[in-house]
Amino acid sequence: MADTAPTISRRSPLSHAADRLAAATRTSGGAVRLAELPFLAQVNVRLDAKGAAADAVGLALGLQLPLEPNTVVRAGELTAVWLGPDEWLVVGPTGGQRDLESRIRAASGDEPVAVTDVSAQRTTLLVTGPRARDLLAHGCPLDLHPRVFSAGCCAQTTLARTQIVLVARDEPKAGFWVLVRSSFADYLTDWLLDAAAEYV
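Residues numbered from 1 in each chain as written. Predicted model: local features only at pLDDT ≥ 70, side-chain atom pairs only at ≥ 80, totals over all residues. Heavy atoms only, no water.

Q: Describe the pairing of strand 5 (residues 87–92), listing the residues and the values that go with them.
A: Where burial is concerned, most of strand 5 is hidden: six out of the six residues are buried. In strand 5, alternate side chains face the same way, and those of Glu87, Leu89 and Val91 on one face and Trp88, Val90 and Gly92 on the other are all buried. As paired strands, strand 2 (residues 41–47) and strand 5 are joined by six bridges and run antiparallel to one another. The residue bridging Ala41 from the neighbouring strand is Gly92, located in strand 5. Sheet topology note: the strand 4 (residues 78–84)/strand 5 ladder contains five bridges and is antiparallel. Across the sheet, residue Gly84 finds its bridge partner in strand 5, namely Glu87. (Buried < 20%, exposed > 50% of the residue type's maximum accessible area, 1.4 Å probe, protein only. Helix = DSSP H or I, 4+ residues; strand = E, 2+ residues; numbered from the N terminus. Pairing = 2+ DSSP bridges.)

Q: Break down the packing of aromatic side chains for me, citing the residues and quoting the values.
A: With the rule as written, the count across this model stands at one aromatic pair. Measuring from ring centre to ring centre gives 6.4 Å for Phe149 and Phe176, while their planes differ by 15 degrees; the resulting arrangement is stacked. With a gap of 27 residues between them, Phe149 in the loop between helix 4 (132–137) and strand 8 (154–159) and Phe176 in strand 10 (residues 176–181) connect regions that are remote in the sequence. By relative accessible area, Phe149 is classed as buried at 6%. For Phe176, a relative accessible area of 3% puts it in the buried group. The ring centre of Trp177 lies 3.8 Å from the NZ or CZ of Arg169, which sits over that ring. (Phe/Tyr/Trp six-rings, centres within 6.5 Å; stacked < 30°, edge-to-face > 60°. Lys NZ or Arg CZ within 6 Å of the ring centre and 35° of its normal.)

Q: I'd like to hear about helix 3 (residues 97–108), residue by residue, with values.
A: For helix 3, with 12 residues, the first-to-last C-alpha span of 17 Å sits near the 16 Å given by 1.5 Å per residue. Within helix 3, burial applies to Gln97, Leu100, Glu101, Ile104 and Ser108. For helix 3, the angular spread of the buried residues around the axis is 100 degrees, confining them to a single face. Those residues of helix 3 that are exposed and aimed more than 90 degrees away from the buried face are Arg98 and Ala106. Residues of helix 3 that are buried in the fold lie against strand 2, helix 2 (52–61), strand 4, strand 5 and strand 6 (113–117). Just past helix 3, the residue Gly109 takes up positive phi, approximately 55 degrees. (Expected span 1.5 Å × (residues − 1). Arc of directions from axis to C-beta. Contact = heavy atoms within 4.5 Å.)

Q: Quick one: what's the story with the nonpolar core, residue by residue and with numbers?
A: Leu34, Leu135, Leu136, Val178 and Leu188 are the most contacted members of the largest nonpolar core, which has 32 residues in total. At the level of secondary structure, the elements contributing two or more residues to this core comprise helix 1 (18–27), strand 7 (122–128), helix 4, strand 8, strand 9 (162–168), strand 10 and helix 5 (185–196). Per-element accounting of this core gives the leading share, six residues, to helix 5. Not counting residues within four places of it along the chain, the set of residues in contact with Leu34 comprises Leu21, Ala22, Ala24, Thr25, Leu126, Val127, Leu135, Leu192, Leu193 and Ala196. (Core = buried A, V, L, I, M, F, W, Y, C linked by side-chain atoms within 4.5 Å.)

Given below as structure tokens:
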């Protein structure tokens with residue numbers, strides 16, 4: 001008997017824009033590089049930062065949850081982004097959300113914790129290159145000067161009037177992650193491409 005079950009192929013919110021993003025990278029001569037990082041695992045975690053669960057979750061993930069406001073901690077393939085005094089976004093490789101959820105829940109034991117898979121809520125744009133800060137500064141109200149917003153910093157802010165989470169990556173020349181809700185990804189991509197035209 002033939003298998004008639006429908007097959008589901010995932011499409012990222014910006015799969016149709018990949019060629020345009022690559023073209024902007026080429027025409028800028030490397031001044032800016034734009035790309036989507038689709039399907040990253042994203043798990044929202046809420047717990048008492050001073051409770052036993054915070055340390056236990058940190059040990060289970062192999063990274064300490066950042067306690068300083070607007071900072072990021074990275075270890076291996078995982079990144080923990082500070083969102084509030086008792087809230088973090090843990091970002092990991094594609095398909096890793098279930099593993100992250102189960103590790104966090106197991107580590108927290110009887111301590112109160114909220115763990116939510118928000119991977120489908122946002123997509124991630126990578127913005128790198130020598131003019132990446134200039135490009136983002138066109139539409140972001142934050143002071144993005146390296147003395148103020150350096151590697152390992154993050155913020156919930158707006159870019160072109162769109163709510164985002166902005167992360168300054170800490171690897172050499174890694175640039176920025178722009179985490180944007182999927183429903184606004186097209187609009188923000190169009191804005192970035194238009195703004196990047198300055199560097200052609």
